[in-house]
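Examining the three-dimensional arrangement
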Amino acid sequence: MNKKVLFIVHAAVIAALYVVLTLAANALGLANYAIQVRFSEALTILPLFTPAAIPGLFAGCILANFMTGCLPWDIVLGSTATLIGAFGTYLLRGLRVKWPAVLPPILANVLIVPFVLAYVYRFEGSIPYFMLTVGIGEVISCGVLGMLLYSILKRYRKYLFPTPLSYK
């Protein structure tokens, strides 16, 4: 199979999964506001398996944020947080212990999203409060669900992600 096509397919499938999981969380009232537990953020572990996850997560977050009615600055900044987190996870792929790979998306969201909540949406609350609420949601989504997803996917790595990490 053409490696470029496989890269695009992986990215597109990851983007679609991100959107579907965000819409599911949104239906439960968990995708936006001060307390967020986006199931889709568990997918930020995927850059450990494929670099295609980086553009896939970014595109998926843009689409999901647009589809859930986020304001333009939230679409830009929230998606950028996901992009930074995904790239950070990719950079940690060589570690023997995998749990630190969940830290970049948690930190990126904790450092960016609270300012969106305070200054774009003007929600009641302080930046430290939003850092706490976003952080708890990210620890659940990226840390707990992401590591659970990792432990399942590593068994099927050679079937789901058959090419080496490089698509060159």
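In this text, all values refer to a predicted model and were calculated from it rather than measured experimentally.

Let us look at the side chain of Lys98. As for its placement among the helices and strands, Lys98 is situated in the loop between helix H3 (72–91) and helix H4 (103–120). Here Lys98 is buried and forms no salt bridge, its nearest opposite-charge partner Glu41 lying at an N-O distance of 19 Å. A distance of 2.7 Å separates a polar atom in the side chain of Lys98 from the backbone oxygen of Arg93. The residues contacting Lys98, other than those within four sequence positions of it, are Leu48, Arg93, Met147 and Tyr150.

Moving on: the packing of aromatic side chains. If you walk through the whole model with that rule in mind, you get five aromatic pairs. Here Tyr121 and Phe123 contribute two aromatic rings whose centre-to-centre distance is 5.4 Å and whose plane-to-plane angle is 20°, an arrangement assigned as stacked. The exposure class assigned to Tyr121 is partly exposed, which follows from its relative accessible area of 24%. Taking relative accessible area as the criterion, Phe123 reaches 25% and is therefore assigned partly exposed. A connected cluster of aromatic rings, assembled from ring pairs, spans Phe49, Tyr150 and Phe161. In this structure, Arg93 is placed above the aromatic ring of Tyr90, and the distance from its NZ or CZ to the ring centre is 3.8 Å.

This part covers the environment of Glu124. Positionally, Glu124 belongs in the loop between H4 and helix H5 (127–153). Take Glu124: its relative accessible area is 75%, and that puts it in the exposed class. Separated by 47 residues in the primary sequence, Glu124 and Leu77 have C-alpha atoms spaced 20 Å apart.

Attention now goes to the nonpolar core. Membership of the largest hydrophobic core comes to 23 residues, with the highest contact counts inside it found for Tyr18, Ile45, Leu46, Phe49 and Leu57. The set of elements that each furnish at least two residues to this core consists of helix H1 (3–27), helix H2 (53–67), H3, H4 and H5. Sort the elements by how many residues they give to this core and H2 lands first, with five residues. Here Leu57 is in contact with Ile14, Tyr18, Leu43, Thr44, Pro47, Thr82 and Ala86, once residues within four sequence places are set aside. In terms of nonpolar packing, the next biggest core, distinct from the first, is built from six residues, Val113, Ala118, Ile127 and Phe130 among them.

On to the confidence of the model for the protein, then. Low-confidence regions, as indicated by low pLDDT, have predicted coordinates that should not be scrutinised in detail. Of the residues in the protein, 94% have a pLDDT of 70 or more, and the chain-wide mean is 91. No element of the protein has a lower mean pLDDT than helix H6 (residues 157–160), at 85, and none a higher one than H2, at 97.

For H2, spanning 15 residues, the distance from its first C-alpha to its last is 20 Å, which sits close to the expected 21 Å at 1.5 Å a residue. Buried residues belonging to H2 abut H1 and H3. In the stretch just after H2, Gly69 is the one whose phi turns positive, near 80°.

Let us look at the environment of Ala118. Position of Ala118 among the secondary structure elements: in helix H4. On the accessibility criterion, Ala118 (15% relative accessible area) is buried. Each C-alpha atom of the pair Ala118 and Phe130 lies 8.0 Å from the other, and the pair is twelve residues apart in sequence. The contact partners of Ala118, leaving out residues within four places of it in the chain, are Phe123, Ile127 and Phe130.

Looking now at the packing of H4 against H5. Direction vectors running N to C along H4 and H5 enclose 140°, while the axes themselves pass 8 Å from each other. It follows from the interaxial angle that H4 and H5 lie oblique. Judged by the twist between their axes, the crossing of H4 over H5 is right-handed. Judged by residue contacts, Pro105, Ile106, Asn109, Val110, Leu111, Val113, Pro114, Phe115, Leu117, Ala118 and Tyr119 of H4 engage Ile127, Phe130, Met131, Val134, Gly135, Glu138, Val139, Cys142 and Gly143 from H5. For the contact of H4 with H5, the per-class residue count stands at 16 nonpolar, three polar and one charged.

Criteria and cut-off values
- Residues numbered from 1 in each chain as written.
- Predicted model: local features only at pLDDT ≥ 70, side-chain atom pairs only at ≥ 80, totals over all residues.
- Heavy atoms only, no water.
- Helix = DSSP H or I, 4+ residues; strand = E, 2+ residues; numbered from the N terminus.
- Buried < 20%, exposed > 50% of the residue type's maximum accessible area, 1.4 Å probe, protein only.
- Lys, Arg positive; Asp, Glu negative; His and termini not counted.
- Salt bridge = Lys/Arg side-chain N within 4 Å of Asp/Glu carboxyl O.
- Polar contact = N/O pair within 3.5 Å; in protein donor to acceptor, adjacent residues only side chain to side chain.
- Contact = heavy atoms within 4.5 Å.
- Phe/Tyr/Trp six-rings, centres within 6.5 Å; stacked < 30°, edge-to-face > 60°.
- Lys NZ or Arg CZ within 6 Å of the ring centre and 35° of its normal.
- Core = buried A, V, L, I, M, F, W, Y, C linked by side-chain atoms within 4.5 Å.
- pLDDT = per-residue confidence, 0-100.
- Expected span 1.5 Å × (residues − 1).
- Axes fitted to C-alpha atoms, helices over the stretch in contact; angles between N-to-C directions.
- Parallel < 35°, antiparallel > 145°, perpendicular 65-115°, else oblique.
- Left-handed = near helix turned anticlockwise from the far one by under 90°.
- Nonpolar A, V, L, I, M, F, W, Y, C, P; charged D, E, K, R; others polar.

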